[in-house]
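# Secondary and tertiary structure notes
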Amino acid sequence: HLELQGLMCLPPVFDAGEAARPYFARLYRLREDLRARTGLPLPHLSMGMSGDFAAAVAEGATLVRIGTDIFGPRPPKRRCPAGSPLAGRAAGGLSC
């Protein structure tokens, strides 16, 4: 069986991390409402990434995703060339 541990939020990407704060505040309120209605503890709020984690923590995040701050930006996706069966798609691990 599944045991719900919390909620997760991915707000729109903004140039300034503070712009995401209303989304984090809304998820916090939603979690509190669900706690009151269901009696579930819901200990975790997963919200915030490298560019906005400070606002997320200020709004109650217990889990943040900061891979870019640790590992740096992702390399650009390689696209399959025109004429290949996967033309225009991201190649990923596929061969074009």
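These lines cover the structure that appears in this document, whether it is placed above or below.

Criteria and cut-off values
- Residues numbered from 1 in each chain as written.
- Predicted model: local features only at pLDDT ≥ 70, side-chain atom pairs only at ≥ 80, totals over all residues.
- Heavy atoms only, no water.
- Patch = residues over 30% accessible without salt bridge, like charges linked within 9 Å, V, L, I, M, F, W, Y side chains within 5 Å.
- Areas by Shrake-Rupley, 256 points an atom, 1.4 Å probe, with all protein chains shown as cover.
- Salt bridge = Lys/Arg side-chain N within 4 Å of Asp/Glu carboxyl O.
- Helix = DSSP H or I, 4+ residues; strand = E, 2+ residues; numbered from the N terminus.
- Polar contact = N/O pair within 3.5 Å; in protein donor to acceptor, adjacent residues only side chain to side chain.
- Contact = heavy atoms within 4.5 Å.
- Core = buried A, V, L, I, M, F, W, Y, C linked by side-chain atoms within 4.5 Å.
- Buried < 20%, exposed > 50% of the residue type's maximum accessible area, 1.4 Å probe, protein only.
- Pairing = 2+ DSSP bridges.
- Axes fitted to C-alpha atoms, helices over the stretch in contact; angles between N-to-C directions.

## Some points on a nonpolar patch on the surface
A cluster of nonpolar side chains, namely M8, L10 and M49, defines an oily patch on the protein surface of about 320 Å² accessible area. The topology assignment puts M8 in strand β1 (residues 6–9).

## Re the environment of L7
Among the secondary structure elements, L7 is positioned in strand β1. Linking L7 and P43, residues 36 residues apart in sequence, is a C-alpha distance of 8.9 Å.

## Structural notes on the side chain of S46
Along the polypeptide, S46 turns up in strand β2 (residues 44–49). A polar side-chain atom of S46 sits 2.8 Å from a polar atom in the side chain of R65. In contact with S46, other than residues within four places in its own chain, are L7, M8, C9, L63 and R65.

## Section: the pattern of salt bridges
Under the counting rule described, the total for this entry stands at five salt bridges. In this structure, E18 and R21 form a salt bridge, with 2.8 Å as the shortest nitrogen-oxygen distance. With a shortest N-O distance of 2.9 Å, E32 and R31 are connected by a salt bridge. The network of salt bridges with common partners includes E18, R21 and E59.

## Notes on the nonpolar core
Grouped together as the largest cluster of nonpolar side chains are 10 residues: L7, C9, A20, F24, L27, L45, M47, A55, A56 and A61. Taken together, the elements giving at least two residues each to this core come down to β1, α1 (21–38), β2 and α2 (53–58). In this structure, F24 is in contact with C9, P11, M47, G48, D52, A55, A56 and E59, ignoring residues within four places of it in sequence.

## Things to note about unusual backbone geometry
Of note, L42 is a non-glycine position whose phi angle comes to about 40°, a positive value. For L42, the position within the fold is in the loop between α1 and β2.

## Structural notes on the sheet that holds β1
The three strands lie next to each other as β1-β2-β3, forming an open sheet whose pairing is parallel. Among the strands making up the open sheet, the edge pair consists of β1 and β3 (63–65). On average, adjacent strands in this sheet sit at an angle of 20° to one another, irrespective of strand direction. Of the pairings in the sheet, the one linking β2 to β3 comprises two bridges and is parallel in character. Bridged to S46 within β3 is L63.

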